[in-house]
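The lines below spell out each chain.
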Amino acid sequence: MMIFQSGESFTKEAEIVETLANSKVDGIIIAFSKETKNFIHVQDVINRGIPVVMLERTCKNLTASKVRTDDKNGAYTITKHLISKGRKNIAYICGPLSLDVCRDRQKGFQDALKEAALPYKEEYVVEVEDFRFDQAGRALEKLWGLQIKPDGILCFADILAIGTIHAAENLGIKIPDQLSIAGFGDDETSRFIRPAITTMSQPSFEMGELAAQIILEEIQLLGEPHPIRSEIIKPQIIIREST
């Protein structure tokens, strides 16, 4: 077993995939980088007959098995929670919209607003390049400078929610009285900071285990007809102090 990290670089990802394919590995589990928009390098691996399983960050145009979170429904559920708390001006701090996962969560966010007859405002959606505390802080500063300030924020990931909370404290914003903040992922740190973060839990261990089971099955069935699997794992909302 070999583990490689792309560092969110498409160039590095493509180099790793090529190296693995040339090393004649039995199979590859991959989560795409934030820069990946062209998937020819993975299609080439599939064409060589090497089993591929996509994990969380996937591509709809590749004929390969995948294991992912129900991101659309997860974002819909947690946005509905913010609405249930009386929030009417809800913003979304998202990751790179080149990723399907980011677009899926944005769609769930939009659907929840539409169902509640709340407006979707472009200025309330801030796309960050990297999942870093400082990027979330700058996003909040931008949102707080709007004439009509948000009273709720959904963050694409818990790390962005933590950065948003830290920036809110520096700006003197009271959470959740003035601003409710929710994350996604249920990172370990999300329960220990104050206020603890409302989030959507993802069973990451189970997802990794399932991806491994699928790749092993496909390796054993190599050359034989077998179904392409698409496993969607439903996240669960965890309500804490930040909302």
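For the structure itself, consult the block above.
Keep in mind it's a predicted model, so treat the numbers as computed, not measured.

**Student:** I'd love a proper account of the sheet that holds strand β3 (residues 65-69), names of residues and values included.
**Tutor:** Pairing between sheet strands relies on hydrogen bonds along the backbone, with the strands arranged either parallel or antiparallel. Ordered by their spatial adjacency, four strands build an open sheet running β1-β2-β3-β9, and the pairing between neighbours is parallel. Two strands bound the open sheet, and with one partner strand each, they are β1 (28-30) and β9 (230-233). Here the average twist between neighbouring strands, direction ignored, is 15 degrees. The sheet contact formed by β3 and β9 spans four bridges and is parallel. When the sheet's bridge partners are listed, Lys66 is paired in β9 with Ser230.

**Student:** Can you tell me about the nonpolar core, naming the residues and giving the values?
**Tutor:** Ile93, Ile153, Leu154, Phe156 and Leu160 are the most contacted members of the largest nonpolar core, which has 45 residues in total. Considering each element in turn, this core owes the most residues, six residues, to helix α6 (residues 158-170). Excluding residues within four positions of it along the chain, Phe156 makes contact with Tyr92, Ile93, Cys94, Gly95, Val101, Cys102, Arg105, Phe131 and Phe184. Val17, Phe39, Val45 and Cys59 belong to the second largest nonpolar core, which has 17 residues in total.

**Student:** Give me the side chain of Arg240: which residues, what numbers.
**Tutor:** Along the polypeptide, Arg240 turns up in the segment after β10 (236-238). Its relative accessible area of 19% is what places Arg240 among the buried residues. At a separation of 3.3 Å, a polar atom in the side chain of Arg240 contacts the side chain of Ser190. Of note is the side chain of Arg240, whose polar atom sits 2.9 Å from the backbone oxygen of Ile197. If we skip the residues at most four places from it in the chain, Arg240 touches Asp186, Ser190, Arg191, Ala196, Ile197, Thr198 and Thr199.

**Student:** Can you explain unusual backbone geometry? Please cite residues and give values.
**Tutor:** Cis geometry marks the peptide bond from Ile175 to Pro176; its omega dihedral reads 5 degrees. Tracing the backbone shows Pro176 in the loop between α6 and β7 (180-182). Here Lys24, not a glycine, exhibits a phi torsion of approximately 60 degrees, which is positive. Take Lys24: it is sitting in the loop between α1 (10-22) and β1. For Lys24, a relative accessible area of 71% corresponds to the exposed category. Phi angles above zero are rare outside glycine, and Glu56 is one such case at about 65 degrees.

**Student:** Please give an account of the pattern of salt bridges that cites residues and values.
**Tutor:** Tallying each qualifying case throughout the model produces 19 salt bridges. Between Arg57 and Glu8 there is a salt bridge, with its nearest N and O atoms 2.8 Å apart. Pair noted here: Arg57 is in the loop between β2 (52-55) and β3 and Glu8 is in the segment before α1, with a separation of 49 residues, a long-range link. Exposure remark for Arg57: the relative accessible area of 17% places this residue in the buried category. A salt bridge links Arg191 to Asp186; the shortest N-O distance between them is 3.7 Å. The network of salt bridges with common partners includes Lys34, Asp130, Arg132, Asp134 and Arg138.

**Student:** Break down the packing of helix α5 (residues 133-144) against α6 for me, with residues and values.
**Tutor:** Where α5 meets α6, the closest approach of the two axes is 7 Å, and the angle between their N-to-C directions is 55 degrees. Comparing the axis directions of α5 and α6 gives the class oblique. In this structure, α5 meets α6 at a crossing whose hand is right-handed. Residues Phe133, Ala136, Gly137 and Leu140 of α5 form the contact with α6, whose own contacting residues are Ile159, Leu160, Ile162, Gly163, Thr164, Ala167 and Ala168. Taken together, the residues of the contact of α5 with α6 sort by class into eight nonpolar, three polar and no charged.

**Student:** Mind laying out the pairing of strand β6 (residues 152-155), listing which residues take part and the relevant values?
**Tutor:** Both faces of β6 are covered, namely the face carrying Gly152 and Leu154 and the face carrying Ile153 and Cys155. Bridge analysis of strand β4 (residues 90-94) against β6 gives four bridges, and the strand direction is parallel. Its bridge partner being in β6, Tyr92 is matched across the sheet by Leu154. With three bridges joining them, β6 and β7 adopt parallel strand pairing. The partner of Ile153 across the bridge, within β7, is Ile181. In this view, the connection linking β6 to its parallel neighbour β7 by way of α6 has right-handed handedness.

Thresholds, definitions, all that
- Residues numbered from 1 in each chain as written.
- Predicted model: local features only at pLDDT ≥ 70, side-chain atom pairs only at ≥ 80, totals over all residues.
- Heavy atoms only, no water.
- Pairing = 2+ DSSP bridges.
- Helix = DSSP H or I, 4+ residues; strand = E, 2+ residues; numbered from the N terminus.
- Axes fitted to C-alpha atoms, helices over the stretch in contact; angles between N-to-C directions.
- Core = buried A, V, L, I, M, F, W, Y, C linked by side-chain atoms within 4.5 Å.
- Buried < 20%, exposed > 50% of the residue type's maximum accessible area, 1.4 Å probe, protein only.
- Contact = heavy atoms within 4.5 Å.
- Polar contact = N/O pair within 3.5 Å; in protein donor to acceptor, adjacent residues only side chain to side chain.
- Salt bridge = Lys/Arg side-chain N within 4 Å of Asp/Glu carboxyl O.
- Parallel < 35°, antiparallel > 145°, perpendicular 65-115°, else oblique.
- Left-handed = near helix turned anticlockwise from the far one by under 90°.
- Nonpolar A, V, L, I, M, F, W, Y, C, P; charged D, E, K, R; others polar.
- Right-handed = clockwise from strand over helix to strand, strands pointing away.

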